[in-house]
Amino acid sequence: IYHSITVRPDGDVPRTEKAYTFEGGKGEDWWSTYRYQLEAFVDKVRGRTPQTWVSSEDSISNMEWIDKIY
């Protein structure tokens, strides 16, 4: 459920780092990426500025590139 990466440095102990953390922002260690998306959506609907937001133009552009790749 969580987006994370396991780092395995040469000769060191592997560690797992959560990919979605925001300094000084919303969020809890146990939140999934879907929770961050939900919080951003709720903020937008309520007229607040979300911590992160992808514009509709960027979303459409991403879909077009994915279509081109496949």
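We now turn to the structure provided with this report. (Residues numbered from 1 in each chain as written. Predicted model: local features only at pLDDT ≥ 70, side-chain atom pairs only at ≥ 80, totals over all residues. Heavy atoms only, no water.)

Description of the overall build of the protein chain
Within the protein chain, the secondary structure is distributed over two helices and two strands. Listing every helix and strand of the protein chain by position from the N terminus yields β-β-α-α. Here the protein chain has a C-alpha radius of gyration of 16 Å; the compact-globule value for 70 residues is 11 Å, and the former is much larger. Taking the principal axes of the C-alpha coordinates as reference, the protein chain spans close to 45 × 35 × 20 Å. Counting every position in the protein chain, which comprises 70 residues, the buried fraction comes to 11%. The contacts of the protein chain with a sequence gap of at least 6 include a subset with a gap of at least 24, amounting to 19%. Total accessible area on the protein chain stands at roughly 6300 Å², and carbon and sulfur atoms take up 53% of it. Between the mean site of the 9 positive side-chain charges and the mean site of the 12 negative ones, the protein chain shows a separation of 6 Å. (Helix = DSSP H or I, 4+ residues; strand = E, 2+ residues; numbered from the N terminus. Rg over C-alpha atoms; globule rule 2.2 N^0.38 Å. Buried < 20%, exposed > 50% of the residue type's maximum accessible area, 1.4 Å probe, protein only. Contact = heavy atoms within 4.5 Å. Areas by Shrake-Rupley, 256 points an atom, 1.4 Å probe, with all protein chains shown as cover. Lys, Arg positive; Asp, Glu negative; His and termini not counted. Charge placed at Lys NZ, Arg CZ, Asp CG, Glu CD.)

Observations concerning the pattern of salt bridges
Following the criterion strictly, the structure yields five salt bridges and no others. The salt bridge involving Arg15 is made with Glu17; its shortest N-O contact spans 2.6 Å. The partner of Asp43 in a salt bridge is Arg48, and the shortest N-O contact between them spans 2.8 Å. The structure contains a network of salt bridges with shared partners spanning Lys26, Arg35, Glu39, Asp43 and Arg48. (Salt bridge = Lys/Arg side-chain N within 4 Å of Asp/Glu carboxyl O.)

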